[in-house]
Amino acid sequence: MILIWLLMKNFSHKFVELIPEHLKDDILYISIEHCIAIHKCICGCGKEVVTPISPHGWKLIFDGETVSLSPSIGNWNFECQSHYWIKNNQIVYAYKWDDKPKKKKSKKKRFFRFWKK
Ligand SMILES: [Zn+2]
């Protein structure tokens, strides 16, 4: 069973001719001319994620106000291994299901220590 929990985060987009040297957080830069979209990994690790727009790559949907990218973006080559979707200028972040119990454990430990004092 795959269990994920989702986090929504607002995102914006910018149509550009050339991709700027310094990318800002939470902005998807889109170059129609070069058929490419680029953004900074949304986990905060600062790595640049390049998504080529092509029939075999990502598809960009622009509805006049917001953009969506499909399929999802999985940064398996990064240390953070983040995985998310960009849908209507919102990030839908998928956490791995085993991330959650680890956090619970550490909370319990802290609680325990508090009582031992
Ligand atoms: Zn990251």
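Residues numbered from 1 in each chain as written. Predicted model: local features only at pLDDT ≥ 70, side-chain atom pairs only at ≥ 80, totals over all residues.

Participant: What exactly am I supposed to notice about the overall build of the protein chain here?
Facilitator: Within the protein chain, the regular secondary structure consists of one helix and nine strands. Each helix and strand of the protein chain, placed in order from N terminus to C terminus, yields the pattern β-β-β-β-β-β-β-β-β-α. Looking at the protein chain as a whole, 11% of its 117 residues qualify as buried. Long-range pairs, those at least 24 residues apart, make up 36% of the contacts in the protein chain between residues at least 6 apart in sequence. (Helix = DSSP H or I, 4+ residues; strand = E, 2+ residues; numbered from the N terminus. Buried ≥ 20, exposed ≤ 12 C-beta atoms within 10 Å, placed from the backbone. Contact = placed C-beta atoms within 7 Å.)

Participant: Just to check I follow, could you spell out the environment of cysteine 45 for this structure?
Facilitator: Along the polypeptide, cysteine 45 turns up in the loop between strand 4 (36-40) and strand 5 (48-52). As a C-alpha pair, cysteine 45 and glutamate 79 span 34 residues in sequence and 8.7 Å in three-dimensional space. Beyond its immediate stretch of four places on either side in the chain, cysteine 45 contacts Phe78, Glu79 and Cys80.

Participant: What's the story with the sheet that holds strand 5 in this structure? I'm lost.
Facilitator: Across a sheet, strands are paired by hydrogen bonds formed along the backbone, either parallel or antiparallel in direction. Pairing is mixed across the open sheet formed by four strands, whose spatial order is 2-3-4-5. Each having just a single partner strand, strand 2 (12-15) and strand 5 make up the two edges of the open sheet. When strand polarity is set aside, the average angle formed by the axes of neighbouring strands in this sheet is 20°. By the bridge criterion, five bridges tie strand 4 to strand 5 in an arrangement that is antiparallel. (Pairing = 2+ DSSP bridges. Axes fitted to C-alpha atoms, helices over the stretch in contact; angles between N-to-C directions.)

Participant: Help me understand the pairing of strand 4 in this model?
Facilitator: The side chains of a regular strand alternate between both faces of the sheet. Across the two faces of strand 4 the burial differs, with Ala37 and His39 buried and Ile36, Ile38 and Lys40 not buried at all. Two strands pair when backbone bridges link them, and strand 3 (residues 27-31) and strand 4 are joined in this way by three bridges, in the antiparallel orientation. Paired with isoleucine 30 across the bridge in strand 4 is alanine 37. From the end of strand 3 to the start of strand 4, which pair antiparallel, there are four residues, and cysteine 35 there has a positive phi angle of about 50°.

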